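# Structure at a glance
Listed here are the chains, written in short residue letters.
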Amino acid sequence: MTLLDVENLWVKFPTRQGIFDAVRGVSFTLGRERLGIVGESGSGKSMTGRAILRLIRPPGIVTADHITLEGQDLMTLSERDMRDVRGQKISMVMQDPKFSLNPVMTIGDQIIEAYRLHSKSTKAQAYDKAIAMLEAVAIRDAARVMRAYPHEMSGGMGQRIMIAMMLIPNPKILIADEPTSALDVSVQRQVLSIMDKLVTERGMGLIFISHDLNLVSEFCDRVLIMYAGRIVEVCDAANLHEAQHPYTRGLLNSLPRLDAPRKRLEVLKRDPAWSEAPSVGGRQ
């Protein structure tokens with residue numbers, strides 16, 4: 001079942017040198033699956049996620065043939081209607097919780113606000129729901145955390161709190177923008193395990209944005225590889241290391257491997273033709 005259908009998405013920014021195309025003709029679908037989007041910094045991964053939620057503000061320009069969520073084209077909705085989509089139907093976990101959480105509000109007040117914004121519940125019901133959600137993301141002593149402020153939390157705790165806040169309205173799709181990039185390996189695996197469990201139990205679609213190819217190959221079902229705002233290759237995550245595009249091969253070869261140590265890692269040699277080729281469709 002297709003939850004999201006993106007067709008011919010472009011994100012443009014006017015500059016003194018002319019129009020800069022950050023995302024160029026991207027098309028893909030998302031079902032009840034874990035879809036990875038990978039690429040180096042500046043490849044258009046985060047812009048794609050933000051454009052789906054129409055979070056690109058002027059002078060940025062977003063165009064698409066359609067961005068359809070279960071048959072409803074998000075490009076035709078008013079800003080008021082889009083506020084109902086954000087959080088309730090599609091949630092997004094940003095890269096660093098320190099910049100996403102309000103520093104002068106307690107964590108409990110922020111989670112309760114996120115829940116009551118999209119549900120007709122009392123504050124007491126929202127409090128109980130928030131406690132249950134914090135426990136679902138493996139936070140011990142949830143009542144104490146509810147009273148705490150963001151600066152009192154570690155990076156891993158902050159990220160789990162953000163995941164709880166984004167999932168509490170029970171959205172159909174979660175967009176996770178490098179949610180584990182600032183975490184150490186042990187906490188990273190724990191956060192991924194929590195996300196995987198919640199997404200699987202709720203039958204959600206997940207867009208997992210990352211630059212870590214090894215992580216995506218283990219965690220996701222399908223992978224879109226982006227370069228210079230385009231999708232250059234689509235493959236099953238389990239077969240990512242068999243990818244054929246020279247850009248994907250270059251990214252893979254630049255990764256250190258314990259099973260095949262080398263004196264020098266390869267330097268990615270870019271071909272101008274990669275950025276000129278039409279975007280590959282990421283459809284199921």
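These remarks concern the structure in this document.

Thresholds applied
- Residues numbered from 1 in each chain as written.
- Predicted model: local features only at pLDDT ≥ 70, side-chain atom pairs only at ≥ 80, totals over all residues.
- Heavy atoms only, no water.
- Helix = DSSP H or I, 4+ residues; strand = E, 2+ residues; numbered from the N terminus.
- Buried < 20%, exposed > 50% of the residue type's maximum accessible area, 1.4 Å probe, protein only.
- Lys, Arg positive; Asp, Glu negative; His and termini not counted.
- Salt bridge = Lys/Arg side-chain N within 4 Å of Asp/Glu carboxyl O.
- Polar contact = N/O pair within 3.5 Å; in protein donor to acceptor, adjacent residues only side chain to side chain.
- Contact = heavy atoms within 4.5 Å.
- Pairing = 2+ DSSP bridges.
- Expected span 1.5 Å × (residues − 1).
- Arc of directions from axis to C-beta.
- Axes fitted to C-alpha atoms, helices over the stretch in contact; angles between N-to-C directions.
- Core = buried A, V, L, I, M, F, W, Y, C linked by side-chain atoms within 4.5 Å.

### Focus on the side chain of K45
Locating K45 in the fold gives a position in helix α1 (residues 45-52). Comment: no salt bridge for buried K45; closest opposite-charge side chain is E178, at 4.0 Å. There is a polar contact of 3.0 Å between the side chain of K45 and the backbone oxygen of G39. Setting aside its immediate chain neighbours within four residues, K45 contacts I37, V38, G39, E40, E178, I209, S210, H211 and M226.

### Remarks on the pairing of strand β9 (residues 205-210)
Of all six residues making up β9, six are buried, and the element is well covered by its neighbours. Here strand β8 (residues 173-177) pairs with β9 via five bridges, running parallel. Following the sheet pairing, I173 is matched in β9 by G205.

### Quick look at helix α7 (residues 185-202)
With 18 residues, α7 extends 26 Å from end C-alpha to end C-alpha; this agrees with the ideal 26 Å at 1.5 Å per step. Along α7, the residues that are buried comprise V187, Q188, V191, L192, I194, M195, L198 and V199. Down the axis of α7, the sector holding all buried residues measures 160°, keeping them to one side. With respect to the buried face of α7, the exposed residues turned more than 90 degrees away are V185, S186, T200 and E201. Just beyond α7, the residue with positive phi is G203, at close to 65°.

### Concerning the environment of L101
Among the structural elements, L101 can be located in the loop between β7 (90-93) and α3 (107-116). Here the alpha-carbon distance between L101 and P150, two residues 49 residues apart in the chain, equals 6.6 Å. When sequence neighbours within four positions are dropped, the list of residues in contact with L101 reads Q110, P150, G158, I161, M162 and M165.

### Comments concerning the sheet that holds strand β3 (residues 34-38)
Spatially, β7-β8-β9-β3-β10-β11 is the arrangement adopted by the six strands of the open sheet, whose pairing is mixed. Because the sheet does not close on itself, it has two edges, and the strands there are β7 and β11 (230-236). The sheet shows a mean angle of 20° between the axes of neighbouring strands, taken without regard to direction. Two elements, β3 and β9, share five bridges in a ladder whose sense is parallel. Within the sheet, the bridge partner assigned to G36 lies in β9 and is F208. Against the sheet, α1 engages β3, β7, β8, β9 and β10 (222-227), with an angle of about 145° to β9. Relative to β10, helix α9 (residues 246-253) is tilted by about 100°, and along the sheet it contacts β10 and β11.

### Observations concerning unusual backbone geometry
Of note, the bond from P58 into P59 is cis; its omega dihedral lies within 30 degrees of zero at 10°. Residue placement: P59 occurs in the loop between α1 and β4 (61-63). The backbone of E70 shows a phi angle near 50°, a positive value even though the residue is not glycine. Among the secondary structure elements, E70 is positioned in the loop between β5 (66-69) and β6 (72-73). Exposure remark for E70: the relative accessible area of 37% places this residue in the partly exposed category. For A228, which is not glycine, the phi torsion reads 50° and is therefore positive. Overall, A228 belongs to the partly exposed group, its relative accessible area being 26%.

### Topic: the pattern of salt bridges
Under the defined criterion, the tally for this structure stands at nine salt bridges. Note that R34 and D196 form a salt bridge whose closest N and O atoms lie 2.8 Å from each other. A residue pair is termed long-range when its members are at least 10 positions apart, and R34 in strand β3 and D196 in helix α7 qualify at 162 residues. Given a relative accessible area of 24%, D196 falls into the partly exposed group. Put simply, R270 and E40 hold a salt bridge, and the shortest N to O gap is 2.3 Å. Residue R270 is found in the loop between α9 and α10 (272-276), and its partner E40 is found in the loop between β3 and α1; the two are separated by 230 residues along the sequence. We classify R270 as partly exposed; its relative accessible area is 45%. When salt bridges that share partners are traced, they join R34, D196 and D221 into one network.

### Focus: the nonpolar core
In terms of nonpolar packing, the biggest core is built from 59 residues, with L134, I161, M195 and F208 touching the most fellow members. Among the elements that take part in this core, helix α6 (residues 155-167) stands out by supplying eight residues, more than any other. If you look at the next biggest cluster of nonpolar residues, it comprises 31 residues, including L74, M82, I173 and I231.

Geometric descriptors of this kind do not, in isolation, establish any biological role.
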